[in-house]
Amino acid sequence: MTPQTAILEPISDHARHLFFDLQPAVNPRSALRALAAACDGSSAVLGIGATIVDTLRVKLPGLRGFPDLPDARPPIPATQHALWLWLRGSEPGDLLLQGHALEALAAPAFTRVQAIDCFRHRDSRDLTGYEDGTENPKDEAAVEAAIAQGRGVGVDGSSCAAVQQWLHDFPVFDAMPRSEQDACFGRERDSNEELDDAPESAHVKRTAQEDFEPEAFVVRRSMPWVEGADAGLVFLAFGKSFDAYEAQLRRMTGHDDGISDALFGFTRPLTGGYYWCPPLGATRIDLQTLGL
Ligand code: HEM
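Residues numbered from 1 in each chain as written. Predicted model: local features only at pLDDT ≥ 70, side-chain atom pairs only at ≥ 80, totals over all residues. Heavy atoms only, no water.

Engineer: Can you tell me about helix 4 (residues 139-146), naming the residues and giving the values?
Structural biologist: Looking at helix 4, one finds that the buried residues are Ala142, Val143, Ala145 and Ala146. On an axial view of helix 4, the arc spanned by its buried residues comes to 165°, and they lie on one face. Buried residues in helix 4 make contact with strand 5 (159-168), strand 6 (219-220) and strand 8 (230-239). (Buried < 20%, exposed > 50% of the residue type's maximum accessible area, 1.4 Å probe, protein only. Helix = DSSP H or I, 4+ residues; strand = E, 2+ residues; numbered from the N terminus. Arc of directions from axis to C-beta. Contact = heavy atoms within 4.5 Å.)

This is the structure:
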């Protein structure tokens, strides 16, 4: 039971997210085999969307598309794709070239439809200046939260990734006094201390992992992105299923008690997808659950 190792490692200096759609009436098997051999789970993580499982007519309990939340305000877009690759490294040019090689292996069955370059900002901060990842479970607790166990060969060691690109409105955020910015997150920016008097809308109150029933722990590996004048965060969370993330997202949108997350005052998601990250086998990513 070996997970793709990047899931349990700290974020890299740079990363590149690639999203692929499956061409109609094309057999994806040989492309998937090639990608499983080329992705090492450390410099390249492979994630499978529900479309692939449907196309191959195999069963993978728990894998589903990104949820439709029709009543959420602001809207939470679902932009599910067939395949996701998360490339990690120290230099963006190398990631671009590594991506080209993987895109060639994925073609012609899969076409790349989106690419997002990410980077680590200071000591793993969001571009608003707040440290991101503080309450991530560590060591055994991270494995327990993010990695499937006791579910059978081919599934054990796998992980469910939720990926969302968020766009920040910096003029709105910058116009807030620091106390209001701190209240949005529920933490003091520079010390990273939790506020004793954080409002119920504070992000850390909306998502407090131990406050869910059952508890909703995930391992977050989010990183900032910049493209021209636009910038924000690629939110990335790994769970043993999608349930913990989905419970957090619903509470952020006010689904449980009518209170929306204060983050929505200055940022909103542009995309959202769910991807199943198979375990690592002895020599390649293990796709036996897909019959490959
Ligand atoms: C632009 C979007 C987001 C930003 C800038 C952001 C930023 C942050 C920051 C600064 C923290 C506090 C430090 C920490 O524990 O990491 C935090 C905590 C957290 N965030 Fe987010 N976040 C975003 C979106 C989300 C989303 C979409 C989810 C899940 C649906 C989420 C789940 C969590 C969780 C689980 C915690 C830890 C809560 C706890 O147990 O204390 N975040 N986030």
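Following the structure, the description resumes.
Engineer: Which residues make up the nonpolar core, and what values do they have?
Structural biologist: Formed by 61 residues in total, the largest nonpolar core has its most connected members in Leu32, Ile52, Leu83, Leu85, Phe110 and Tyr245. In this structure leucine 83 touches Leu18, Phe19, Phe20, Leu32, Leu35, Leu46, Gly47, Ile48, Gly49, Ile52, Phe110 and Tyr275, once residues within four positions along its chain are discounted. (Core = buried A, V, L, I, M, F, W, Y, C linked by side-chain atoms within 4.5 Å.)

Engineer: Summarise the coordination of the iron atom of the ligand; cite the residues concerned and give the values.
Structural biologist: With respect to protein ligation, the iron atom of the ligand binds only His203 (NE2), at 2.0 Å. Looking at the element boundaries, histidine 203 is found in helix 7 (residues 203-206). (Donors = N, O, S within 2.8 Å, 3.2 Å for Na, K, Ca; no water.)

Engineer: I'd like a description of the site of the ligand, backed by residues and values.
Structural biologist: Near the ligand you find 26 residues, and of these Gly133, Glu135, His203, Gln209 and Arg220 are the closest. Residue glutamine 209 places a side-chain N or O atom 2.8 Å away from an oxygen atom belonging to the ligand. The leading source of residues in the shell around the ligand is helix 8 (residues 243-252), at four residues. Its residues assigned to classes, the shell around the ligand shows 11 nonpolar, nine polar and six charged. (Near = heavy atom within 4 Å. Polar contact = N/O pair within 3.5 Å; in protein donor to acceptor, adjacent residues only side chain to side chain. Nonpolar A, V, L, I, M, F, W, Y, C, P; charged D, E, K, R; others polar.)

Engineer: With reference to specific residues and values, describe the pairing of strand 3 (residues 83-89).
Structural biologist: The buried fraction of strand 3 is high, at six of seven residues. Judged from the seven bridges that link them, strand 1 (residues 14-22) and strand 3 form a sheet pairing that is antiparallel. Each bridged residue has a counterpart across the sheet, and for leucine 18 the counterpart in strand 3 is leucine 85. With five bridges joining them, strand 2 (residues 44-48) and strand 3 adopt antiparallel strand pairing. Across the sheet, the residue bridging to isoleucine 48 is leucine 83, located in strand 3. (Pairing = 2+ DSSP bridges.)

Engineer: For the pattern of salt bridges, give the residues involved together with the corresponding values.
Structural biologist: Per the counting criterion, the structure on display carries 18 salt bridges. A salt bridge links glutamate 9 to arginine 88, with the shortest nitrogen-to-oxygen separation between them at 3.4 Å. Of this pair, glutamate 9 sits in the segment before strand 1 while arginine 88 sits in strand 3; the two residues are 79 residues apart in sequence, bridging distant segments of the chain. Judged by its relative accessible area of 29%, glutamate 9 falls in the partly exposed class. (Salt bridge = Lys/Arg side-chain N within 4 Å of Asp/Glu carboxyl O.)

Engineer: Describe the state of the cysteines, naming the residues involved and giving the relevant values.
Structural biologist: Using the criterion set out here, one finds zero disulfides in the structure. Here cysteine 118 stays unpaired: no disulfide links it, and the sulfur of cysteine 277, its closest cysteine neighbor, is 15 Å away. (Disulfide = S-S within 2.5 Å.)

Engineer: Tell me about the packing of helix 1 (residues 29-38) against helix 3 (residues 92-106), residues and numbers included.
Structural biologist: Viewed as axis vectors pointing N to C, helix 1 and helix 3 meet at an angle of 150°, and their least axial separation amounts to 8 Å. Between helix 1 and helix 3, the crossing angle belongs to the class labelled roughly antiparallel. Contacts between helix 1 and helix 3 pair Ala31, Ala34, Leu35 and Ala38 from the former with Leu102, Leu105 and Ala106 from the latter. Counted by class, the contact of helix 1 with helix 3 contains seven nonpolar, no polar and no charged residues. (Axes fitted to C-alpha atoms, helices over the stretch in contact; angles between N-to-C directions. Parallel < 35°, antiparallel > 145°, perpendicular 65-115°, else oblique.)

Engineer: Lay out the side chain of aspartate 286 with the relevant residues and their values.
Structural biologist: In this fold, aspartate 286 is placed in the segment after strand 10 (273-277). Buried and unpaired, aspartate 286 has no salt bridge, with arginine 284 as the nearest side chain of opposite charge at 5.7 Å. At 2.9 Å, the side chain of aspartate 286 forms a polar contact with the backbone nitrogen of glutamine 288. With near-sequence residues (within four places) excluded, aspartate 286 lies in contact with Gly154, Pro278, Pro279, Leu280 and Gly281. (Lys, Arg positive; Asp, Glu negative; His and termini not counted.)

Engineer: Explain the side chain of glutamine 4 to me, and be specific about the residues and the numbers.
Structural biologist: Tracing the backbone through its elements, the reader meets glutamine 4 in the segment before strand 1. Residue glutamine 4 is classed as buried on the basis of its relative accessible area, which comes to 0%. Of the polar contacts made by the side chain of glutamine 4, one reaches the backbone nitrogen of leucine 46; its length is 3.0 Å. A distance of 3.0 Å separates a polar side-chain atom of glutamine 4 from the backbone oxygen of proline 278. Excluding residues within four positions of it along the chain, glutamine 4 makes contact with Gly41, Ala44, Val45, Leu46, Gly157, Cys277, Pro278, Leu280 and Ile285.

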